[in-house]
Amino acid sequence: MSISLKRAPFVVIEGLDRSGKTTQTTRLYDRLKEAGVAVELIKFPDRTTAIGKMIDSYLRSTSELDDRAIHLLFSANRWELASTIEKHLNAGTAVICDRYAFSGIAFSASKITPTGEPALSFEWCLNPEKGLPAPDLVLFLDITPEIARKRGGYGQERYEKEEMQFRVRKLFQRIGGDVIAEKRDGKVNTTWEIVDAGRERDIVGAELWSLVQPLVNGVESQLARLWI
Ligand code: Z5A
């Protein structure tokens, strides 16, 4: 008798503001449910927890926080759900995350001082994310800040400014490039896929499904940890 060692897949959707993450994570969730796959949808920041409420207040500019303090709160918000993610995966429930550690690094490392220097170093931003459950697949919804700006609701929160979004996009490209290179060298199990999110919703959705579908029957490898 053979014993299946498979666990459920962990999929992250990343991207700039208004790239369609919420639209597409919801579609993916519904599609997986329809296909009979057990699945949980998690969104970061999770604004419902005590830490998430502090993040929400900062994003809405109703409170001020030191750049390091807010970075650590975003990271803590992931750590408070890390064991839940792991339990789901080992129990056979797929997890889809709307934003994850990659957003944490890209947004904080894109902050600049009044003289245009990075306010926080890339390495400093990456450190608190080390050891979080590593996704099997990251779907990066790529969009130009110009197209994103034309979509509904843009500009209501603190980071929704075009010059910041340009820097965030560059940092996402750096992070994605590193993950792709590390996967090629066999150092990580995470696959990073870049999806053109400037297209019509159904076309983007169809491409995402084609990338997720091969994972729905489970993943053989043990859950890895980010950057360790
Ligand atoms: N942040 C951080 O700094 N550190 C961290 O660790 C984390 C986050 C996790 C809030 O994130 C901020 O927190 C965010 C990053 C930072 N700041 N910024 N910028 P959030 O995820 O809560 O909020 P958000 O980035 O503003 O996401 P969003 O509002 O959820 O946008 P979205 O999910 O990418 O897009 P959407 O809601 O699916 O769609 C936006 C609109 O576009 C809506 O009207 C849709 O109907 C429309 N849409 C969607 N797809 C299409 C297509 N294909 N064509 C045309 N229109 C479309």
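Here we summarise the structure given alongside this text. Because the structure is a prediction, the values reported are computed rather than measured.

## Focus on the packing of helix H2 (residues 50-59) against helix H3 (residues 67-90)
Taken N-terminus to C-terminus, the directions of H2 and H3 make an angle of 140°; their axes are 9 Å apart at the nearest point. The handedness of the crossing between H2 and H3 is left-handed. For the pair H2 and H3, the contacting residues are Ile 51, Gly 52, Met 54, Ile 55 and Tyr 58 in the first and Ile 70, Leu 73, Phe 74, Ala 76, Asn 77 and Glu 80 in the second. Considering only residue class, the contact of H2 with H3 consists of 8 nonpolar, 2 polar and 1 charged.

## Some remarks on the site of the ligand
Contacts to the ligand come from 25 residues, most closely from Gly 20, Thr 22, Gly 104, Phe 107 and Gly 152. Each residue belonging to the shell around the ligand can be placed in one class, and the counts come to 7 nonpolar, 9 polar and 9 charged.

## Examining helix H4 (residues 101-109)
Burial of H4 is extensive: 9 of the 9 residues sit out of reach of the surface. Within H4 the residues assigned to the buried category are Ala 101, Phe 102, Ser 103, Gly 104, Ile 105, Ala 106, Phe 107, Ser 108 and Ala 109. Along its buried surface, H4 packs onto strand E1 (10-15), H3, helix H5 (122-126), strand E4 (137-142) and helix H7 (162-184).

## Focus: unusual backbone geometry
Here the amide bond leading from Phe 44 into Pro 45 is cis, since omega sits at 0°, within 30 degrees of zero. Looking at the secondary structure, you find Pro 45 in the loop between strand E2 (39-43) and H2. One non-glycine residue, Trp 227, lies in positive phi territory at about 55°. Tracing the backbone shows Trp 227 in the segment after helix H8 (201-212). With 16 C-beta atoms packed within 10 Å, Trp 227 lands in the partly exposed category.

## Some words on H8
Because each turn of an α-helix spans 3.6 residues, side chains separated by three or four positions in sequence point in the same direction. Given a rise of 1.5 Å per residue, 12 residues ought to cover 16 Å, and the 16 Å separating the end C-alpha atoms of H8 matches this to within 8%. If you check which residues of H8 are buried, you get Val 204, Leu 208 and Val 212. The buried residues of H8 occupy an angular sector of 70° when projected down its axis, which confines them to one face. In H8, the exposed residues that point more than 90 degrees away from the buried face are Asp 202, Ile 203, Ala 206 and Ser 210. The secondary structure elements touched by the buried residues of H8 are E1, helix H1 (21-34), E4 and strand E5 (191-196).

## Describing the sheet that holds E4
Pairing is parallel in the open sheet, where 5 strands are placed in the order E2-E3-E1-E4-E5. Edge strands, defined here as strands with exactly one partner in the open sheet, are E2 and E5. With direction set aside, neighbouring strand axes in the sheet form an average angle of 20°. Contacts from H1 reach E1, E2, strand E3 (94-98) and E4, with the element oriented near 165° to E3. Across the sheet, H7 is in contact with E1, E4 and E5; its angle to E5 comes to roughly 135°.

## Concerning the pairing of E4
Along a regular strand, successive side chains alternate from one face of the sheet to the other. Most of E4 sits out of view: 5 of its 6 residues are buried. Pairing geometry for E1 and E4, over 5 bridges, is parallel. Counterpart to Glu 14 in the pairing with E4 is Phe 140. As defined by bridge partners, E4 adjoins E5 across 6 bridges and the pair is classed as parallel.

Analysis parameters
Each residue is numbered by its place in its chain's sequence as written, counting from 1. pLDDT decides what is reported in this predicted model: residues at 70 or higher carry local features, side-chain atom pairs at 80 or more are listed and counted, and totals for whole chains, interfaces and linings draw on all residues regardless. Axis definition: a line fitted to C-alpha atoms, limited for helices to the stretch in contact. Angles are taken between N-to-C directions and run from 0 to 180 degrees. Every helix listed is a DSSP run of H or I at least four residues long, and every strand listed is a run of E at least two residues long, numbered separately from the N terminus. Crossing chirality is assigned from the near helix's rotation relative to the far helix, an anticlockwise turn below a right angle marking it left-handed and a clockwise turn marking it right-handed. The contact criterion used is a C-beta to C-beta distance within 7 Å, with each C-beta placed from the backbone. Nonpolar residues are Ala, Val, Leu, Ile, Met, Phe, Trp, Tyr, Cys and Pro. Charged residues are Asp, Glu, Lys and Arg, and all others, Gly as well, are polar. Whether a residue is near a molecule or strand depends on its C-beta atom, generated from backbone atoms, being within 6 Å of that molecule or strand. Exposed residues have 12 or fewer other C-beta atoms within 10 Å of their own C-beta, buried residues have 20 or more, and partly exposed residues fall in between, where C-beta atoms are placed from the backbone. Take the number of residues in a helix, subtract one, and multiply by 1.5 Å to get its expected span. The directions from the helix axis to the C-beta atoms form the arc being described. Strand pairing is assigned whenever DSSP detects at least two bridges linking the two strands.

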